[in-house]
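Architecture and fold: a report
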Amino acid sequence: MSEQAETGADPVPDLPGLARRATLRDVARRAGVSTAAASKVLRGAYGVSPGMRERVQEAMTALSYRPNTSARGMRGKTFTVGVVISDVQNQFYDQVLSGLTPVFGAADHKVLIAPAGTTMESELAAVEGMVDHRMDGLVLVTPLVPRAELERIAAILPVVVVARGGAAEGYDTITTDDEAGSALIVDHLVGLGHRDIAHITLGWSGDDPTLPFRARARGYEAAMRRHGLEDRIDIVTTAWSHQGGFDAAEVFLSRPGLPTAVHAGADVAALGLLSDFWARGIDVPGVVSVAGYDNSPIGMLAPISLTTVEQGAGELGMRAADLLLERMAGRTEPRSVLLAPTLVPRSTTAAPRA
């Protein structure tokens, strides 16, 4: 259905040569904003400034714009689901997608993927774009937005949140026990004889305990205390990216001495850390042992052989797809699924040198 039919309004006398009903695009053009921004005003969505709302509403009034709700209702199901991910370069998301796409394909649903970036604003924009394109449901992988926003989105269409746990009212969650996963790494390193064990976490202002980096940091700290190493707790805040791992390496190298082991909260950060260490001739694991989290395919390669935690990304995707299909079929009671992580020891960790 065309935009004209979907968003029609009364004829517009003040648009030269335009003998038709005004569209949302006309409203956006007159208000000097994007069509997506005008749509957010129309729906009362999050993230609209008062000035933008006023301009769009004035344009709607001037153009006698009125959404054609009956035309919208005729569209029905689209048999399309949206998947919002943070970082297209992080192989964890590839693994999640490899698990969910066959399930949706078998159910005759197409999958559209939106890279959300690393800010709350870009994440919400990606979600709003999916809503604007009338997805039948959404899978949000490691979303960073507050739970109140997730509940608001779930009130519009079915939502499943992946790799971020916690019980919810309006949506389902599925994740791996991240606290237990970090504890597996610390236990492994302590078992090898390490005491100076650092942790790389994500720099983010949100303090929601369900955020995965918060859970992994808690697991690290709790395990260090359990082993009597509370005075050795060392957390470096950066980004879960290759650059973030590089930046963490620079922090460690700026100190008088290196830790004997580093537990990165994500494989992608561990790989950046390794790259910098190797470029500087630092022996891994001879001088520093390095462990990640995710069991990404690149870490499995023999020249890297990264010690990590398997969180079952493919299974997370597969079961998330099943949950969303159930919700789209009418289930309303929330479900929260927690998977058990597994330690995968490889060549980047070893006993510290005497």
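About the cut-offs
Residues numbered from 1 in each chain as written. Predicted model: local features only at pLDDT ≥ 70, side-chain atom pairs only at ≥ 80, totals over all residues. Heavy atoms only, no water. Salt bridge = Lys/Arg side-chain N within 4 Å of Asp/Glu carboxyl O. Phe/Tyr/Trp six-rings, centres within 6.5 Å; stacked < 30°, edge-to-face > 60°. Buried < 20%, exposed > 50% of the residue type's maximum accessible area, 1.4 Å probe, protein only. Helix = DSSP H or I, 4+ residues; strand = E, 2+ residues; numbered from the N terminus. Lys NZ or Arg CZ within 6 Å of the ring centre and 35° of its normal. Axes fitted to C-alpha atoms, helices over the stretch in contact; angles between N-to-C directions. Parallel < 35°, antiparallel > 145°, perpendicular 65-115°, else oblique. Left-handed = near helix turned anticlockwise from the far one by under 90°. Contact = heavy atoms within 4.5 Å. Nonpolar A, V, L, I, M, F, W, Y, C, P; charged D, E, K, R; others polar.

Charged atoms that come close allow side chains of opposite charge to pair. For the coordinates displayed, the defined rule picks out 20 salt bridges. Sharing partners across several salt bridges, the network here consists of D172, E326, R327, R331 and R335.

Looking now at the packing of aromatic side chains. Overall, the coordinates contain two aromatic pairs when judged by the stated rule. Taking 5.4 Å as the distance between ring centres and 70 degrees as the angle between the ring planes, the aromatic pair formed by F92 and Y93 counts as edge-to-face. The buried category is assigned to Y93, whose relative accessible area is 7%. Taking 6.3 Å as the distance between ring centres and 90 degrees as the angle between the ring planes, the aromatic pair formed by F213 and W240 counts as edge-to-face. Taken together, the residues span a long stretch of sequence, with F213 in helix α10 (residues 212-226) and W240 in the loop between β7 (234-238) and α11 (242-253) at a distance of 27 residues. Above the face of the Y293 ring, R216 is positioned so that its terminal group lies 3.9 Å from the ring centre.

Attention now moves to the packing of α11 against helix α12 (residues 267-279). Helices that pack against each other are described as a pair by the angle of their axes relative to one another and the distance between those axes. Two elements in contact, α11 and α12, have axes separated by 6 Å at closest approach and are oriented at 50 degrees. In this view, α11 runs oblique relative to α12, as classed from their interaxial angle. In this structure, α11 crosses over α12, and the sense of that crossing is right-handed. For the pair α11 and α12, the contacting residues are H242, G245, F246, A248, A249, E250, F252 and L253 in the first and V268, A269, L271, G272, L273, S275, D276 and F277 in the second. Split into classes, the residues belonging to the contact of α11 with α12 amount to ten nonpolar, four polar and two charged.

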